[in-house]
Amino acid sequence: MSKKNFKILLVVFLITGSLYFIFIGLTSGKSFLVPVVTAIILAMVMAPVAAKFRKWGVKKGWAVFFADLIVVAFIAFMIFLLAAQANQVANNWSQIESRLKPKVEQAQSYFRTRLNMSSSSEEQQQNMNNQQQNQNKI
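Residues numbered from 1 in each chain as written. Predicted model: local features only at pLDDT ≥ 70, side-chain atom pairs only at ≥ 80, totals over all residues. Heavy atoms only, no water.

A.B. asks: Give me the lowdown on helix 3 (residues 60–91), citing residues and values where you can.
C.D. replies: Taking 1.5 Å of rise per residue, 32 residues should cover 46 Å, and helix 3 covers 46 Å from first to last C-alpha, within 8% of that figure. Summarising the contacts, the buried residues of helix 3 are in contact with helix 2 (30–55). (Helix = DSSP H or I, 4+ residues; strand = E, 2+ residues; numbered from the N terminus. Expected span 1.5 Å × (residues − 1). Contact = heavy atoms within 4.5 Å.)

Next comes the structure, spelled out in structure tokens:
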């Protein structure tokens, strides 16, 4: 084997092995990596805010504290909005259900006609029984 072919084979082997071990490492280390990546993302979000406070003459410790406070307040606000929306959906569930029921039935009938499916639950049960019997015979 020539030296050039050996180098190409070595590079391909190293890249393939590296990708394999990176994949295994990421999947087995996700319990450690998820908080680390979250912290890195939050740090990148807070750095410009802290820099702006520093420009305004705020000491470094207080600038970081206020940047953290702003991010925590933003996250709390988003959670509040999500909870308010969930509460609104829960309060209006009967209206939502009554509006969606005809649309779901219309979609079901559309798919029944397009896919040649029967609407009778007895026929569906019999089809399932036939399929189970055919599988048992195999």
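A.B. asks: Can you lay out the confidence of the model for the protein chain for me, pointing to particular residues and giving the numbers?
C.D. replies: Per-residue pLDDT for the protein chain averages 85, and the proportion of residues at 70 or more is 91%. The weakest mean pLDDT in the protein chain belongs to helix 5 (residues 121–137) at 70; the strongest belongs to helix 3 at 94. (pLDDT = per-residue confidence, 0-100.)

A.B. asks: Give a detailed account of a nonpolar patch on the surface, specifying residues and quantitative values.
C.D. replies: Taken together, Leu42, Phe74, Ile75, Phe77, Met78, Ile79, Phe80 and Leu81 make up a surface patch of nonpolar side chains, about 770 Å² in accessible area. For the nonpolar patch, the leading source of residues is helix 3, giving seven residues. If you trace the backbone, leucine 81 turns up in helix 3. (Patch = residues over 30% accessible without salt bridge, like charges linked within 9 Å, V, L, I, M, F, W, Y side chains within 5 Å. Areas by Shrake-Rupley, 256 points an atom, 1.4 Å probe, with all protein chains shown as cover. Salt bridge = Lys/Arg side-chain N within 4 Å of Asp/Glu carboxyl O.)

A.B. asks: Any details on helix 4 (residues 93–115)? Residues and values, ideally.
C.D. replies: The end-to-end C-alpha distance of helix 4 is 31 Å, a good match for the 33 Å that 23 residues give at a rise of 1.5 Å each. The largest bend along helix 4 reaches roughly 30 degrees and is located at leucine 100, with the proline proline 102 sitting one to four residues downstream. Of the residues one or two after helix 4, asparagine 116 is the one with positive phi, at around 55 degrees. (Bend = angle between axes of the 7 residues up to and from the residue.)

A.B. asks: Kindly report on the environment of leucine 19, identifying the contributing residues and their values.
C.D. replies: With respect to the helices and strands, the residue leucine 19 is situated in helix 1 (residues 3–28). Note on leucine 19: relative accessible area 56%, which makes it exposed. Sequence separation of leucine 19 and asparagine 5 is 14 residues, and the distance between their C-alpha atoms is 21 Å. (Buried < 20%, exposed > 50% of the residue type's maximum accessible area, 1.4 Å probe, protein only.)

A.B. asks: Could you give me a rundown of the packing of aromatic side chains, with the residues and numbers involved?
C.D. replies: Going through the model one piece at a time under the given rule, you end up with seven aromatic pairs. With a centroid separation of 5.8 Å and an interplanar angle of 90 degrees, the aromatic rings of tryptophan 62 and phenylalanine 65 are classed as edge-to-face. Taken as a pair, tryptophan 62 and phenylalanine 65 lie in helix 3 at a separation of three residues, close to a single helical turn. With relative accessibility at 42%, the residue phenylalanine 65 sits in the partly exposed group. The rings of Phe53, Trp56, Trp62, Phe65 and Phe66 are connected pair by pair, giving a single aromatic cluster. (Phe/Tyr/Trp six-rings, centres within 6.5 Å; stacked < 30°, edge-to-face > 60°.)

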